[in-house]
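Summary of structural features
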Amino acid sequence: MEKIVRQGLLYDFYGELLTEHQRRIYEDVVFNDLSLSEIAQEQGISRQGVHDLVRRCDRILEGYEEKLHLVEKFRLTKELAGRIQELLDRYQREKEDMLLQQARDMAGRIVDI
């Protein structure tokens, strides 16, 4: 997964667990695409301080994901839901009972996540 997309997903799931200061700086880097120098000047800290804080936030967010796996469960749920949708579309066209059973099985997997 592309780094910036992963950072965004991790932030979406776990960002509220960061401090307000961490969230503000992390958002500026990841979502507002500001440079470390711009953020440093705006926050009154060094560029290295911003860099270290962003790396620390990345580690914190990855740590939450290692423990909770919410991003992975979200990705798997989206994938399974898409496959169910495809099977149901095919079922509508082909009226094959096997496709309906596959959709039921995938839906069961989603429930078990």
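Computed from a predicted structure; not experimentally measured. (Residues numbered from 1 in each chain as written. Predicted model: local features only at pLDDT ≥ 70, side-chain atom pairs only at ≥ 80, totals over all residues. Heavy atoms only, no water.)

1. Some remarks on helix α3 (residues 36–43)
Heads up, the condition is: Remark: exposure states derive from per-residue accessible area (1.4 Å probe, protein chains only) relative to the maximum for the residue type, with buried under 20%, exposed over 50%, and partly exposed in between. Helix numbering and strand numbering both begin at the N terminus, where a helix is a DSSP run of H or I of at least 4 residues and a strand a DSSP run of E of at least 2. Each direction from the helix axis to a C-beta atom contributes to the arc, which is the arc of those directions. It only takes one pair of heavy atoms within 4.5 Å for two residues to be counted as in contact.
Of the positions making up α3, those classed as buried are Leu36, Ile39 and Ala40. Angular distribution of buried residues about the axis of α3 spans 100 degrees; they occupy a single face of the element. Across α3 from its buried face, at more than 90 degrees, point the exposed residues Gln41 and Glu42. Looking at the buried positions of α3, the neighbouring elements they touch are α2 (20–30) and α4 (47–68). Two residues or fewer past α3, Gly44 is found with a positive phi of approximately 75 degrees.

2. What about α4?
Applicable threshold: A helix is expected to reach a length of 1.5 Å times the quantity of its residues less one.
Along its 22 residues, α4 runs 32 Å from first to last C-alpha, staying within 8% of the 32 Å computed at 1.5 Å per residue. Listed as buried for α4 are Val50, Leu53, Val54, Cys57, Asp58, Leu61, Gly63 and Glu65. Backbone geometry just downstream of α4 places His69 in the positive-phi region, at approximately 60 degrees.

3. Details of unusual backbone geometry
Unusually for a residue other than glycine, Asp33 sits at a positive phi of about 55 degrees. Within the secondary structure layout, Asp33 lies in the loop between α2 and α3. With a relative accessible area of 66%, Asp33 lands in the exposed category. Despite not being glycine, His69 shows a phi value in the positive range, around 60 degrees. When you line up the elements, His69 lands in the loop between α4 and α5 (70–94). Here His69 falls in the partly exposed class, since its relative accessible area comes to 39%.

4. Describing the pattern of salt bridges
Opposite charge on two side chains permits pairing when their charged atoms draw close. Put simply, the test is: Here a salt bridge means any side-chain nitrogen of Lys or Arg lying within 4 Å of a carboxyl oxygen belonging to Asp or Glu.
All told, the structure shown has six salt bridges when counted by the stated rule. One salt bridge connects Arg24 with Glu20, and the closest N-O pair in it is separated by 3.9 Å. With Arg24 and Glu20 both in helix α2 and four residues apart, the pair spans about one turn of that helix. With a closest N to O distance of 3.6 Å, Glu79 and Arg83 form a salt bridge. Of this pair, Glu79 and Arg83 are both found in helix α5, four residues apart, which corresponds to roughly one turn of the helix. Classification of Glu79 as partly exposed rests on a relative accessible area of 34%.

5. A closer look at the packing of aromatic side chains
Describing an aromatic ring pair means giving the distance of the ring centres and the angle of the ring planes. Selection rule: Pairing of aromatic rings covers Phe, Tyr and the six-membered ring of Trp, with a centre-to-centre limit of 6.5 Å; geometry is then stacked below 30 degrees between planes, edge-to-face above 60, and tilted otherwise.
Scanning the entire structure with this criterion turns up five aromatic pairs. Here Tyr11 and Phe31 contribute two aromatic rings whose centre-to-centre distance is 5.3 Å and whose plane-to-plane angle is 65 degrees, an arrangement assigned as edge-to-face. Highlighted residues: Tyr11 in helix α1 (residues 3–14) and Phe31 in the loop between α2 and α3, separated in sequence by 20 residues. A relative accessible area of 40% places Phe31 in the partly exposed class. Among the aromatic residues, those joined into a cluster by ring pairs are Phe13, Tyr14, Tyr64 and Phe74.

Purely spatial values, then, with no claim about function.
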